[in-house]
Number of protein chains: 4
Amino acid sequence: MKKSILALSLLLGLAQLAVAQEKPKQNPESSEIWEPVPRVVTPGVLSPATASGTTAPSDAIVLFDGKDGSKWVSVKDYNPNNWSGVTEGSNTWPIRDGAMFSAKGASLRTKQEFQDFQLHIEFRTPDKVEGNGQGRGNSGIFLQGRYELQVLDGYNNPTYSNGMVGSIYKQAIPLVNPSRKPGEWQTYDIIYFAPRFNKDGMMLEQGKVTVLMNGILVQNNTNIKGTTEYIGYPKIVPHGKGPLLLQDHGNPVGYRNIWIREL
Amino acid sequence: MKKSILALSLLLGLAQLAVAQEKPKQNPESSEIWEPVPRVVTPGVLSPATASGTTAPSDAIVLFDGKDGSKWVSVKDYNPNNWSGVTEGSNTWPIRDGAMFSAKGASLRTKQEFQDFQLHIEFRTPDKVEGNGQGRGNSGIFLQGRYELQVLDGYNNPTYSNGMVGSIYKQAIPLVNPSRKPGEWQTYDIIYFAPRFNKDGMMLEQGKVTVLMNGILVQNNTNIKGTTEYIGYPKIVPHGKGPLLLQDHGNPVGYRNIWIREL
Amino acid sequence: MKKSILALSLLLGLAQLAVAQEKPKQNPESSEIWEPVPRVVTPGVLSPATASGTTAPSDAIVLFDGKDGSKWVSVKDYNPNNWSGVTEGSNTWPIRDGAMFSAKGASLRTKQEFQDFQLHIEFRTPDKVEGNGQGRGNSGIFLQGRYELQVLDGYNNPTYSNGMVGSIYKQAIPLVNPSRKPGEWQTYDIIYFAPRFNKDGMMLEQGKVTVLMNGILVQNNTNIKGTTEYIGYPKIVPHGKGPLLLQDHGNPVGYRNIWIREL
Amino acid sequence: MKKSILALSLLLGLAQLAVAQEKPKQNPESSEIWEPVPRVVTPGVLSPATASGTTAPSDAIVLFDGKDGSKWVSVKDYNPNNWSGVTEGSNTWPIRDGAMFSAKGASLRTKQEFQDFQLHIEFRTPDKVEGNGQGRGNSGIFLQGRYELQVLDGYNNPTYSNGMVGSIYKQAIPLVNPSRKPGEWQTYDIIYFAPRFNKDGMMLEQGKVTVLMNGILVQNNTNIKGTTEYIGYPKIVPHGKGPLLLQDHGNPVGYRNIWIREL
């Protein structure tokens, strides 16, 4: 009898839990969109194949030149909607072969903050393929520290379309999938305009982003709906200038040749 | 013992349920956004107060002139993403006092289909206030049969901001809340541009909508993300021209002076 | 001989003049565009016909209520690209029948300056028709003191399309011509977003304007190219907030029911 | 006497000419804008410096691969507003060193016509500098055969800002000047969306173009006002798909690695 009472009370507890779960709630999966699947495009190559991407133009701020990581600080437990209370420290990402690699449970953000800009950045996901979907070569570039352009191994690696490489995470599917093979360097050329808010905190104009991936258009003046949430809907929170943030997601993704031009 | 076994199996069943609920799932509440709350603006009035809104200009298609409901058919069980298999019949909405009133579990759609347009429409929610939130004076205007401009009693009637009157339902909060009192006639002046799709089914340009409510800007060239879903995220489904649809949501909401100009 | 020498020197002088005239030069006519001619649309009417337009909403700044002209100062010899050195004085426009009338060679500007806004304004051109083309009922509303929305008698009064009523002067032809008859009150509902400049003085985003004239769309999120010049091309000159300006062009054009909402 | 009569009649003839010149008229110089002057930016380089630009991705139409000029026809006496009556023949531009060079008083247009697209094209102006301003290394890329993205030697070669390399000719000044030296290969990456017209022949949406020159943003979703006229204002003439056109302007400008992706 006692046991059954215990069981009943457990049961009631679970029932309460179940009821609670019928209230407003979101899973990460709620905001995944799997179709349409952007068609694959094989990007062209630089000739000779050993060539790296274009170096910084004269008016760019070089954020990483292959050696000097001092323009970045590490951040833990940041929240795109609330940058206060974030633990920050010196840049802890290892630098090798002219690249910084995401690591150690810390993301990186630039010390400097930006409004409207053109950004060039190169990335490579690990050549040794491990995991799949969102678990393979995952990282991300957060524009103004809030709006994530996804970085992921997109080569024969099915995932939800609005979370694949080239997507504005859980907001905008890329037009096509121009991924190179794992371990190959890839480029993002990004043109970003910050959103505009009024005194009521309403967003008068959305942020806008154009992205070329490996030289191919994947986002065309795409309207950014709000913060790029893992769970739930984009949030609209007024803000001023913001940093660039490179996410550590547990996979050693490399970055190099990072430069930015204020527009 | 038997009881406790029963209890345990029930318990395990509930546990399974709870686990199942951790899988992808959405409630209607998932996509509700309650803040910010658009500030209230009292709209101006026509003078004399008995004046009705502007009559149709010479190049408009008059969709409802106060008497003739023949440009509409009733629809049941429509799905904004799939218009096939919809039950249609003649217009069943009662006409009285120069207005059509939503009723009988059937929505209305125009026989004619449209692309880009300017639409004038007047609506009134019941003067006898019943229910609250989404249950008070609920109806909706579906642009191209897919994208809902919400109609709701917005006068001292808290609900989630992205579902209030003047919102693009569960997508875009209105800039302000210029609601008139229940039972008073209100106006929408709507400028709509259809989205643009490419051969891959990708949306090259989002639909755009500007809305004046009672003469006050509530949506400014707002980008439409996709279909306006009750549960879950907007869907992007390529389409051509589409009808105008007035929703029956169980509340007798009146419509009058409806005219449209193709742009 | 002497005469012919004189003639020759005169001739050479004229030849020099002719050569000089081949150098850069512009007439006002250079920037007139006469086609296409927007088709005429007869706007709807308020019922009863004696009704005036909508009064100001609760959050609007009333710039003219029919009696009080104190929110305006008169300006002479202003230059949209350079507001310094302008002669300003008190408002000299006569007020009668609830309207201000352009007069006395002075334009009016608001004391207050604005950025992004919604503006409602009503105007009437003289009921006694005098002159034609640009000489009939000419005035203008300069947004931020720089960008003119043309005011003109547009009823059976041919002129160049990019200078007719509803045009962004010498920049953007209105979509249609919804003019009322001379002497009748007409409405403009204007949604304006200021242009955005960068540190180099380059225009990163153009100003944008949507205009409903007598309730009919004539400008749809139109990009403003620069200042609206009488002679020559639009000029791009960076600026901050600016006033509203009503032009005196020698014809007694009336204005009433002017209110503005900051966005 | 006879001489002076002759002189007088000549004089009167010139006087008439002078009067005629006071009538509406435009010089090419009328639409030149010389300020602001975009600041110079030295673009980055590919490493090694011998590298050429990216080859065509898998979904691109290769318009010129360095050898085969058969996708182009030569055109003479074309008019961007009227393609009828144009004399066309086979491609007469010489091909050497993997590039086509403008020559022989004929421009080239693609046989195929396009709507919205991404275009990659590389060009070089002559390494032997001759002439100046618009006379040095002049050519042009006409989008849809109507809207010219200027090609010109922009290295230490002052000209009017709205006619320099990177400009939408006589419409939009580039944000900066990222010219390489004469004789060096330069790249344009162009994202183009065609304008949208309604049944009245009114332009509902302007064409839009984003241009990266040598990897640097020079045009950002720029609104195209109409045709890019040498003399006078842009013209708005409705049209459907159109070819790509490379202009011969008397200077041997080379083109290579031309590919286009329909969007």
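Residues numbered from 1 in each chain as written. Chains lettered and ligands numbered in written order. Predicted model: local features only at pLDDT ≥ 70, side-chain atom pairs only at ≥ 80, totals over all residues. Heavy atoms only, no water.

### Quick word on the overall build of chain A
At step 1: Of the regular secondary structure elements, chain A holds 1 helix and 16 strands.
At step 2: Considering chain A as a whole, with its 263 residues, one finds that 62% of them fall into the buried category. (Helix = DSSP H or I, 4+ residues; strand = E, 2+ residues; numbered from the N terminus. Buried < 20%, exposed > 50% of the residue type's maximum accessible area, 1.4 Å probe, protein only.)

### What about the sheet that holds strand β3 (residues 87–90) of chain B?
All names here are of chain B.
At step 1: Pairing is antiparallel across the open sheet formed by 6 strands, whose spatial order is β3-β2-β6-β15-β8-β9. Of all strands in the sheet, those with a lone pairing partner are β3 and β9 (147–151), marking the two edges.
At step 2: Note: strand β8 (residues 139–143) against strand β15 (residues 245–246), 2 bridges, orientation antiparallel. Residue phenylalanine 142 lies in a different strand from β15, and its bridge partner there is leucine 245. (Pairing = 2+ DSSP bridges.)

### A short note on the environment of C:Gly242
Residues and elements named next belong to chain C.
At step 1: Relative to the helices and strands, glycine 242 resides in the loop between β14 (216–224) and β15 (245–246).
At step 2: Put simply, glycine 242 and asparagine 221 are 21 residues apart on the chain and 20 Å apart in space, counted from C-alpha to C-alpha.
At step 3: Contact partners of glycine 242, with chain neighbours within four places excluded, come to Glu113, Phe114, Gln144 and Arg146. (Contact = heavy atoms within 4.5 Å.)

### Comments concerning the pairing of strand β14 (residues 216–224) of chain B
All names here are of chain B.
At step 1: Burial analysis of β14 places 9 of its 9 residues in the buried class, which makes it a mostly covered element.
At step 2: Summarising the sheet, strand β13 (residues 207–213) and β14 pair through 6 bridges and their orientation is antiparallel. Within β14, the residue paired with valine 211 across the bridge is glutamine 219.
At step 3: Where β13 hands over to β14, the hairpin turn is made up of 2 residues, of which asparagine 214 adopts a positive phi near 50 degrees.

### Here we look at the packing of aromatic side chains
At step 1: The tally for this structure, following the rule as stated, stands at 22 aromatic pairs over all chains.
At step 2: Consider the rings of B:Trp93 and B:Tyr255, whose centres lie 6.3 Å apart with planes at 25 degrees: the pair is stacked. Placement of B:Trp93 in the loop between β3 and β4 (95–96) and of B:Tyr255 in strand β16 (residues 254–262) is noted, with a sequence separation of 162 residues between them.
At step 3: With relative accessibility at 4%, the residue B:Trp93 sits in the buried group.
At step 4: Here the aromatic cluster, defined as three or more aromatic residues joined through ring pairs, consists of A:Phe114, A:Phe117 and A:Tyr192.
At step 5: Stacked on the ring of C:Phe101, the Lys or Arg C:Arg96 has its end atom at 4.0 Å from the ring centre. (Phe/Tyr/Trp six-rings, centres within 6.5 Å; stacked < 30°, edge-to-face > 60°. Lys NZ or Arg CZ within 6 Å of the ring centre and 35° of its normal.)

### Focus: the nonpolar core
Residues and elements named next belong to chain B.
At step 1: Ranked by internal contacts, the top residues of the largest apolar core, which has 39 residues, are Ile141, Tyr188, Ile190, Tyr255 and Ile258.
At step 2: Residue assignment for this core shows that the elements contributing at least two residues are β1 (61–64), β7 (117–124), β8, β9, β10 (186–193), β13, β14 and β16.
At step 3: The element that contributes the greatest number of residues to this core is β7, accounting for 4 residues. (Core = buried A, V, L, I, M, F, W, Y, C linked by side-chain atoms within 4.5 Å.)

### Examining the pattern of salt bridges
At step 1: Going through the model one piece at a time under the given rule, you end up with 36 salt bridges over all chains.
At step 2: Here A:Arg196 makes a salt bridge to A:Glu205, at a shortest N to O gap of 2.8 Å.
At step 3: For A:Arg196, a relative accessible area of 14% translates into the label buried.
At step 4: B:Asp116 is the salt-bridge partner of D:Arg196, the closest N and O atoms lying 3.5 Å from each other. Here the residue D:Arg196 occupies a position in strand β11 (residues 196–197), and B:Asp116 occupies one in the loop between β6 (107–110) and β7, the pair thus bridging two chains.
At step 5: One salt-bridge network, in which partners are shared between bridges, spans A:Asp116, C:Arg196, C:Glu205 and C:Lys208. (Salt bridge = Lys/Arg side-chain N within 4 Å of Asp/Glu carboxyl O.)

### A short note on unusual backbone geometry
Apart from glycine, the bulk of residues carry a negative phi angle, and the bulk of peptide bonds sit in the trans form.
Residues and elements named next belong to chain A.
At step 1: Phi angles above zero are rare outside glycine, and aspartate 97 is one such case at about 50 degrees.
At step 2: Tracing the chain through its elements places aspartate 97 in the loop between β4 (95–96) and β5 (99–101).
At step 3: Classification of aspartate 97 by relative accessible area gives exposed; the value is 74%.
At step 4: For asparagine 214, which is not glycine, the phi dihedral falls at a positive 50 degrees.

### Examining the sheet that holds strand β8 (residues 139–143) of chain C
Paired through their backbone hydrogen bonds, the strands of a sheet run either parallel or antiparallel.
At step 1: The strand order β3-β2-β6-β15-β8-β9 (chain C) describes an open sheet built from 6 strands, whose pairing is antiparallel. The sheet is open, and its two borders are formed by β3 (87–90) and β9 (147–151) of chain C, each paired with just one other strand.

### Quick word on the pairing of strand β16 (residues 254–262) of chain D
Residues and elements named next belong to chain D.
At step 1: In terms of residue burial, β16 counts as a mostly covered element, since 8 of its 9 residues are buried.
At step 2: Looking at chain direction, strand β1 (residues 61–64) and β16 are connected through 3 bridges and run antiparallel. If you follow isoleucine 61 over to β16, its bridge partner there is isoleucine 260.
At step 3: As defined by bridge partners, strand β5 (residues 99–101) adjoins β16 across 2 bridges and the pair is classed as antiparallel. Each bridged residue has a counterpart across the sheet, and for phenylalanine 101 the counterpart in β16 is glycine 254.

### With respect to the side chain of C:Arg196
At step 1: At 3.4 Å, the side chain of C:Arg196 and the side chain of A:Asp116 are in polar contact.
At step 2: Among the polar contacts made by the side chain of C:Arg196, one reaches the side chain of C:Glu205 at a distance of 2.8 Å.
At step 3: For C:Arg196, the residues in contact, after removing those within four places along its chain, are A:Gln115, A:Asp116, A:Ala194, A:Arg196, A:Glu205, C:Met202, C:Met203, C:Leu204 and C:Glu205. (Polar contact = N/O pair within 3.5 Å; in protein donor to acceptor, adjacent residues only side chain to side chain.)

### A few points about the confidence of the model for chain A
All names here are of chain A.
At step 1: Per-residue confidence for chain A gives a mean pLDDT of 85, with 85% of residues at or over 70.
At step 2: Predicted confidence is poor over residues 5–24, with pLDDT under 50, and the contacts of this stretch with residues over four places away or in other chains come to 23 contacts.
At step 3: Predicted complex metrics record ipTM = 0.87 and pTM = 0.84. (pLDDT = per-residue confidence, 0-100.)

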